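# Working through the structure, step by step
What follows is the residue order along each chain.
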Amino acid sequence: MSAVRCPRGSIPLWGSVIPGNTGKPKRDALKIDPTLDPGEAMAFVFDPRHHHPTSTREFDTAVWHNAILRGRSGEDFDDEPYLTPYVVPGSDICVLLAAGGAYLDVSTEDESAPVARELNRHGITAFTLNYRFYPYTAPVPFLDCRRAMCLLRARAGEFGFDPEKICLGGFSAGGNLAATTAHLFGEMPEIPGYTPDDIDRVDPRPNALMLAYPKVIFTDTHDLLLPILGETFFTCDMDEAVRHYTVTNHMEKGVTPPTFLVGSVNDTVVDPGNLYAYAVRCHEIGVPCELHEFLEGGHGYGSARDRAYSPWAPPGDYRGLDTWCDLFAVWLEKIFRAPGERHYR
């Protein structure tokens, strides 16, 4: 498939010009190793022993076989990012959800779509975001997320929710996408060949964040920076890249919105220390934060209603994990109460 197109019933993010799309073949930008098993390539990406990659070989092979050849990303730089609506009539709250996938895929059906349905069960409107990923590199995925926030706020009246009650949520790499967009993309950057429109000028800042097992600090491992930066990963000032993309360096009162955090102690893919660092920083700057760290859960569990799909969940006792969406829904109702009805600082 040459490119991903916005399916019927979904909402395209951009107009006739999509920043970052060149129409060129992605294969020309990838170093695909025909001797490398696709499963082994993906396992390499998620192996904690390989957190300091020295080549794009495994990443390129993994994204080609596991995402592009399976049609979740096009063969050319011509993909159309889009939103899929899960609208509940009468809901004044909206949640935008970005699935993870290490920026090598977007696991919508395993993460964001099940959570959108759980939120619907609580009477809350949700949208899932299909954003562009590697070999697209920064700022493209963040531009898609920013545009989605602008678009939802601009069309809030059409869907019936309050434009000041929008929560941006993400899982794993999608959590990185959400947190980075919220803290670093308040302004639309200059993009060669693209002229911002009225939608781009709408306030993109979320009123709340939900981060599920997210990667938000890079002082420990650099691996996720490779699909964010591409080949410049090997030539950039790494200390500066780590500083820039470590979200906690940019958190401050008036920028960081109230945040709901969820993860598990036995997550072997993303260190739970990411959750702790974010929560501590929220406390330091006086931003409301609720953290739920489950004893067992692994990584990549989405709504946790169905454990069968996640290869990142070691055997364990997962009772109670599937309550996190209920807790999140209650938190949203509390956060978006009228100021006089709130009971937190």
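Our subject is the structure that appears above.
Now for a look at the structure at hand. Bear in mind that the values here come from a model prediction, so they are computed numbers and not experimental data.

What counts and how
- Residues numbered from 1 in each chain as written.
- Predicted model: local features only at pLDDT ≥ 70, side-chain atom pairs only at ≥ 80, totals over all residues.
- Heavy atoms only, no water.
- Buried < 20%, exposed > 50% of the residue type's maximum accessible area, 1.4 Å probe, protein only.
- Helix = DSSP H or I, 4+ residues; strand = E, 2+ residues; numbered from the N terminus.
- Pairing = 2+ DSSP bridges.
- Right-handed = clockwise from strand over helix to strand, strands pointing away.
- Expected span 1.5 Å × (residues − 1).
- Contact = heavy atoms within 4.5 Å.
- Phe/Tyr/Trp six-rings, centres within 6.5 Å; stacked < 30°, edge-to-face > 60°.
- 1 Å grid on protein atoms, 1.4 Å probe; cavity = no way out; pocket = protein on both sides within 12 Å on 5 of 7 lines; lining within 4 Å.
- Points joined across faces, edges and corners; volume = space filled by probe spheres on them.
- Nonpolar A, V, L, I, M, F, W, Y, C, P; charged D, E, K, R; others polar.

### Here we look at the pairing of strand β5 (residues 166-171)
Across the six residues of β5, six count as buried, placing the element largely inside the fold. In β5, alternate side chains face the same way, and those of Ile166, Leu168 and Gly170 on one face and Cys167, Gly169 and Phe171 on the other are all buried. Across five bridges, strand β3 (residues 94-98) lies against β5 in parallel orientation. Residue pairing for β5: Leu96 is matched across the bridge by Leu168. Bridging between β5 and strand β6 (residues 208-212) involves five bridges; their strand directions are parallel. Each bridged residue has a counterpart across the sheet, and for Phe171 the counterpart in β6 is Ala212. You can see the chain leave β5, run along helix α6 (residues 173-184) and come back into β6, and the turn it takes is right-handed.

### As for the pairing of strand β2 (residues 82-86)
Bridge count for strand β1 (residues 11-12) against β2 is two bridges, and the pairing is antiparallel. When the bridges of β2 are listed, Ile11 appears paired with Leu83. In terms of strand pairing, β2 meets strand β4 (residues 125-130) through five bridges, oriented antiparallel. Opposite Tyr82, over in β4, you have Asn130 as the bridge partner.

### Looking at helix α9 (residues 273-285)
Between its first and last C-alpha atoms α9 spans 18 Å; for 13 residues at 1.5 Å apiece the expected length is 18 Å, and the two agree. Each element contacted by the buried residues of α9 is listed here: α6, β6, β7 (259-264) and β8 (289-294). With its phi angle positive at about 75 degrees, Gly286 sits one or two positions after the end of α9.

### Focus on the packing of aromatic side chains
Considering all chains together, one arrives at 17 aromatic pairs under this definition. Both rings, one in Tyr103 and one in Phe142, keep their centres 6.3 Å apart while their planes meet at 65 degrees; by these two values the pair is edge-to-face. Taken together, the positions of Tyr103 in the loop between β3 and α3 (112-121) and Phe142 in helix α4 (residues 140-154) put the pair 39 residues apart, joining distant regions of the chain. Both residues of the pair, Tyr103 and Phe142, count as buried. The interplanar angle of 45 degrees and the centroid separation of 5.2 Å between the aromatic rings of Phe260 and Phe328 together place this pair among those described as tilted. One end of the pair, Phe260, is in strand β7; the other, Phe328, is in helix α10 (residues 324-335), and 68 residues separate them in sequence.

### Side note on empty space enclosed by the protein
Tallying each qualifying case throughout the model produces one cavity of 30 Å³ or more. Considered as a void within the structure, the largest cavity measures approximately 40 Å³ in volume. Considering only residue class, the lining of the largest cavity consists of four nonpolar, two polar and four charged.

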